[in-house]
Amino acid sequence: MSGPVAVQLSATRTRATNDHGQRIGRPVDWSGAARPDRERVLEGIGVRLEPIGTQHVDGLVSAVGGADDDALWTYLFWDRPRDRDEMAALVAELAADEERVFYAIVPTETGRAAGFCGLMRIDAAMGSIEVGAINYGRQLQRSRAATEVQALLMRHVFADLGYRRYEWKCDSLNAPSRRAAIRLGFIWEGRFRNALVYKGRNRDTDWFSITDLEWPRVSAALDTWLDDGNFDDMGRQRARLAARPPEKAPPENGGKD
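Model, not experiment: these values are computed from the prediction.

Conventions and cut-offs
- Residues numbered from 1 in each chain as written.
- Predicted model: local features only at pLDDT ≥ 70, side-chain atom pairs only at ≥ 80, totals over all residues.
- Heavy atoms only, no water.
- Helix = DSSP H or I, 4+ residues; strand = E, 2+ residues; numbered from the N terminus.
- Buried < 20%, exposed > 50% of the residue type's maximum accessible area, 1.4 Å probe, protein only.
- Contact = heavy atoms within 4.5 Å.
- Areas by Shrake-Rupley, 256 points an atom, 1.4 Å probe, with all protein chains shown as cover.
- Arc of directions from axis to C-beta.
- Axes fitted to C-alpha atoms, helices over the stretch in contact; angles between N-to-C directions.
- Parallel < 35°, antiparallel > 145°, perpendicular 65-115°, else oblique.
- Left-handed = near helix turned anticlockwise from the far one by under 90°.
- pLDDT = per-residue confidence, 0-100.
- Pairing = 2+ DSSP bridges.
- Right-handed = clockwise from strand over helix to strand, strands pointing away.
- Nonpolar A, V, L, I, M, F, W, Y, C, P; charged D, E, K, R; others polar.

Focus: the overall build of the protein chain
Tallying secondary structure elements over the protein chain gives five helices and eight strands in all. In sequence order, the protein chain lays out its α and β elements as β-β-α-α-β-β-β-α-β-α-β-β-α. For the protein chain, with 257 residues in total, the buried portion stands at 47%. Of the contacts formed within the protein chain by residues at least 6 apart in sequence, a portion of 61% connects residues at least 24 apart. Put simply, the protein chain shows about 13,800 Å² of open surface, and 49% of that area lies on carbon and sulfur atoms.

This is the structure we're talking about:
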């Protein structure tokens, strides 16, 4: 795969302007990123990400498919599957998606799927990719494993595949998702109003991202937080995740700018 040719600088130019005195972006020697391997398992300490498949159906029914789990699906594009057959159909749909790569989230202590997530909007030529469709069962919520899931995906995207931009987008009214993005070190970029219609309602979409230049800072913060020394004998964190807060925070409660 070939990408934009690296810029050659003339004696009359700086890295910020061209021969016409116009401001331009920094030179980039870029040849493209790799697409995610649909068969690859991402191994962590407390959790692993497995390409989603039929073997995960029963675990997902238990983790996110119960009658009291409707709230877990509010901001997803799918309604909660009402029985095992509907969950199996959804898993089959996700596994067959040729544009996106979906993973079952499997805690190592149980070996059973406790949620799912996906990589999407994959533009390998430009080096941009999004994480989304995140559904954590209650076992994962606010857990060490939940943060490790995001660390595994980020490291795979930046270190293994060579992407320049990692996106997180959510309904502007999804306060937990917006808080999670900020905690993980994503920078809020703005709000796309009337961006989508789903489940018969409007969605204003908040955009967040981490770039390759920011990844070393975020990676160091994640490694420090996930270290065993940061947790006591009860599994409680000693220090909070120290990914730098975004330079610009989203408005509270989905309000307009």
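As for helix α1 (residues 57–64)
Residues of α1 that are buried include every one of V57, G59, L60, A63 and V64, and no others. Looking straight down α1, one finds its buried side chains confined to an arc of 155 degrees; they lie on one side. Looking at the buried side of α1, the elements it contacts are α2 (84–96), β4 (115–123) and β5 (128–136).

Considering the packing of α1 against α2
Running from N to C, α1 and α2 point in directions that differ by 115 degrees, and their axes come no closer than 9 Å. Classified by the angle their axes make, α1 and α2 are roughly perpendicular. Note that α1 runs across α2; the crossing there is right-handed. The segment α1 lies against α2, with V57, D58, L60, V61 and V64 engaging R84, M87, A88 and V91.

Thoughts on the confidence of the model for the protein chain
For the protein chain, the mean per-residue pLDDT works out to 91, and 89% of the residues sit at or above 70. Across residues 1–13, confidence stays below pLDDT 50; counting only partners more than four residues off in sequence or on other chains, it has 25 contacts.

Examining the pairing of strand β6 (residues 165–171)
Buried residues dominate β6, accounting for six of its seven residues. Relative to β6, β5 is paired through four bridges, and the arrangement is parallel. Looking across to β6, one finds that V131 is bridged to W168. Note that the unit made of β5, helix α3 (residues 144–160) and β6 has a crossover that is right-handed. Note: β6 against strand β8 (residues 201–211), seven bridges, orientation antiparallel. Looking at β8, one finds that D171 is bridged to T205.

Structural notes on the packing of α3 against helix α5 (residues 215–226)
It is the contact of α3 with α5, at a shortest axis distance of 11 Å, that shows an interaxial angle of 145 degrees. Like other packed secondary-structure pairs, α3 and α5 cross with a definite hand, here left-handed. Each of R144, T147, E148, A151, M154, R155 and F158 in α3 lies in contact with α5, whose residues at this interface are W215, V218, S219, L222, D223, W225 and L226. Across the contact of α3 with α5, the residue classes tally to eight nonpolar, two polar and four charged.

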